[in-house]
Structures are given as C-alpha cells and as structure tokens.
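Below are the chains, spelled out letter by letter.
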Amino acid sequence: MRVKRFAEARTYDAPNHRGVTGLRLQGFEDGGPENQWVGLSQFLPGGGAGPDSTPFEKVYVVLEGEMTVTVDGMDTVLGPLDSCTIVPGEVRTIENRSNHICKMLVVIPYPDGKRPE
C-alpha cells in the first residue's frame, strides 16, 4: 500500500481549464498506481473546462457543490456524490454555474494505459 497525504499533493495545470486549481492525489510517482491517476479539481464560480475531448475515458465524482456537464448540447447537473463517465472522443464542456466552489475527483488513465517512467 502506498499512502499519500493530502499535504503532499502538488498542483497541476490542466489544458483548456479556467478558474480551477487541480491537485494530483495519486499518480505519476514511484510506487503509485500503474494504470490511472486521481486528481482533485476545485472550481471557482464560473470556472470550467472545454469544450474538448480525449482519446481515453474519464470519471468525474462531485464531492461538494455542483457541476454542469454539457454533452451534445444537453446539460446535466451533478451534485454531491453524483458521478459520470466521459467516454473516449466525447466532446464535453464543464462549468460551475453556482456561487459555491465545486470540488470534484477526476480519475483518468495514463495516456498509454501505463504510468510513465
């Protein structure tokens, strides 16, 4: 088992994101997960990402607040402990349309399916 304390998490910049601070909770480190990494995204009101897509799937889990996820012109609002899977190639936009910070876990596979060396 590898424990990583929240105090050890480092920020990262996610492309095409705005009004967000991302913390890498697990991944991209020796002894960490082999197939995916986990981030904590904290979106300010009005913060969001996209539109864009990736060639791999992603899982979003809202911990606090709410996040509007738009796919194919359809808005879906995720609240606390709601989650969704974005499939490979699916174009999505996410936006915090509330006046509260949205905290969201993001689980993403490594681009080639295995942790970079």
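Since this is a predicted model, take the numbers as computed values, not measurements. (Residues numbered from 1 in each chain as written. Predicted model: local features only at pLDDT ≥ 70, side-chain atom pairs only at ≥ 80, totals over all residues. Heavy atoms only, no water.)

1. A look at the pattern of salt bridges
Where side chains of opposite charge bring their charged atoms close, a pairing between them can arise.
At step 1: A complete count under the given rule lists five salt bridges for this structure.
At step 2: The residue R92 makes a salt bridge to D52 at a minimum N-O spacing of 2.7 Å. Here R92 is found in strand β8 (residues 92-95), whereas its partner D52 is found in strand β3 (residues 36-52), with 40 residues between them in sequence.
At step 3: On the basis of relative accessible area, R92 is assigned to the buried category, the value being 2%.
At step 4: With its nearest N and O atoms 4.0 Å apart, the salt bridge here joins K103 to E64. (Salt bridge = Lys/Arg side-chain N within 4 Å of Asp/Glu carboxyl O. Helix = DSSP H or I, 4+ residues; strand = E, 2+ residues; numbered from the N terminus. Buried < 20%, exposed > 50% of the residue type's maximum accessible area, 1.4 Å probe, protein only.)

2. Side note on unusual backbone geometry
Glycine aside, the phi torsion of most residues is negative, and most peptide linkages are trans.
At step 1: G50 connects to P51 through a cis peptide bond whose omega is 10°.
At step 2: With a phi close to 60°, N16 is a non-glycine residue in the positive phi region.
At step 3: Here N16 shows up in the loop between β1 (10-12) and β2 (17-26).
At step 4: Taking relative accessible area as the criterion, N16 reaches 41% and is therefore assigned partly exposed.
At step 5: Backbone geometry places D72, a non-glycine residue, at a positive phi of 55°.
At step 6: Note that D72 resides in the loop between β5 (67-71) and β6 (74-78).

3. Quick notes on the environment of L78
At step 1: The topology assignment puts L78 in strand β6.
At step 2: With near-sequence residues (within four places) excluded, L78 lies in contact with V62, G65, E66, M67, V69, S83 and C84. (Contact = heavy atoms within 4.5 Å.)

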